[in-house]
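Residue-level structure breakdown
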Amino acid sequence: MNNKTKGILCILMSAFCFALMNTFVRLSGDLPSIQKSFFRNFIAAIFAFLIIMKHHIPLRWGKGNLKFLLIRSICGTIGILCNFYAVDHLVLSDASMLNKMSPFFAIVFSYFFLKEKCTPIQVGGVILAFIGSLFIIKPTFSNMALFPSLLGFLGGMSAGAAYTAVRHLGQRGEKGPFIVFFFSAFSCLITLPYLIFQYHPMELWQLGMLLLAGLAASGGQFSITAAYCYAPSKEISVYDYSQVIFSAILGFFLFDQIPDTYSIIGYILICATAIAMFLYNNRRVDPAQ
């Protein structure tokens, strides 16, 4: 199995885990988004630390990597907080639409900062997948409140920048578990003061849902970190849209949500694009690899 295929499998696993995370966050009830994000990253930090200890990975960064770890952590934290704020203040589909801008920004940032070239077919594939996601989430931008909409857009941009930094750190030899631990610990430290002074009491079932959300987020974080370490964003980011399909399946079984005709069209577009991109990337010989 080559690195490209490993990256695809990892990003599919990440999409499924993040769909689970959103499901558990939704089931946790009415809690502040910062409190939810703290538990998300706290659990991820614990798991990352345990893996670091198990595999004897040094708790130090490589030479010259600190600035990229900080970029990944700062952008990732901004992305999470903005996305959670958008989810709390916008229609869920609109917030998801804005968050799904992250793969596009990952490609843009990779092109400008990592000098990773894109072919017209690869760019077209990502655009087609994006169109498919529009059919599914059907955003109504005219009804959005300006401030949360801008924050949701900023969240997608920040996530794209974070994934670009992850890709660069992987190229520089930084271990995935350490990247996850650094980011998760950084995010916890940033949100801890708010949690101390504005903590909202939770019932036991709410705590359980947030712990499960943290577990799912850990799986998603490790998977997406591995994915962008294995392969460039231009070759695998399109598969991140499978999260919408996983969410639709979970929504059907847990919330009795049935996709409409437009959503089904979106599923077909995304699946067809993913298959076409997979076949294209496996037939194409990249001289840079």
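Relevant structure appears above.
The notes below deal with the structure included here. What you see is a predicted model, and the numbers here were worked out from it, not measured in a lab. (Residues numbered from 1 in each chain as written. Predicted model: local features only at pLDDT ≥ 70, side-chain atom pairs only at ≥ 80, totals over all residues. Heavy atoms only, no water.)

Some points on unusual backbone geometry
Leaving glycine aside, a negative phi is the common case for residues, and trans is the common case for peptide bonds. Applicable threshold: Working definition: helices are DSSP H or I runs of at least four residues, strands are E runs of at least two. Numbering for both runs from the N terminus.
Positive phi is not limited to glycine here, since H56 has a value of about 55°. Here H56 is to be found in the loop between α2 (33-54) and α3 (66-89).

Some details on the nonpolar core
Short version of the rule: Buried Ala, Val, Leu, Ile, Met, Phe, Trp, Tyr and Cys residues that are joined via side-chain atoms within 4.5 Å together make up what is termed a nonpolar core. Burial classes follow relative accessibility: with a 1.4 Å probe on protein chains only, a residue under 20% of its type's maximum area counts as buried, one over 50% as exposed, and anything between as partly exposed. What makes two residues a contact is simply this: any of their non-hydrogen atoms within 4.5 Å.
Core analysis: the largest hydrophobic core is formed by 51 residues, its most contacted members being M21, Y228, I236 and Y239. Ranked by residue count, the leading element in this core is helix α1 (residues 3-27), at 7 residues. Setting aside residues no more than four positions away along its own chain, Y239 makes contact with I8, I11, L12, A274, M277 and F278. Listed in part, the 7 residues of the second largest apolar core include L31, F38, C188 and M202.

Considerations on the packing of helix α8 (residues 176-197) against helix α9 (residues 204-230)
Stated precisely, the cut-off is as follows: The axes are straight lines fitted to the C-alpha atoms, using for helices just the contacting stretch, and the angles between their N-to-C directions are given from 0 to 180°. Put simply, angles under 35 degrees are roughly parallel, angles over 145 are roughly antiparallel, angles from 65 to 115 are roughly perpendicular, and the rest are oblique. For any pair of crossing helices, the crossing counts as left-handed if the nearer helix is rotated counterclockwise from the farther one by less than a right angle, and right-handed if it is rotated clockwise. Basically, the charged four are Asp, Glu, Lys and Arg, the nonpolar ten are Ala, Val, Leu, Ile, Met, Phe, Trp, Tyr, Cys and Pro, and anything else, Gly included, counts as polar.
In the contact formed by α8 and α9, the axes pass within 9 Å of each other and the chain directions differ by 130°. Put simply, α8 runs oblique to α9. Of the two possible hands of crossing, α8 and α9 adopt the one that is right-handed. Each of G176, P177, I179, V180 and F183 in α8 lies in contact with α9, whose residues at this interface are Q221, F222 and T225. Among the residues making up the contact of α8 with α9, the classes are represented as 5 nonpolar, 3 polar and no charged.

Focus: the environment of G7
Among the structural elements, G7 can be located in helix α1. Beyond its immediate stretch of four places on either side in the chain, G7 contacts A227, Y230 and I236.

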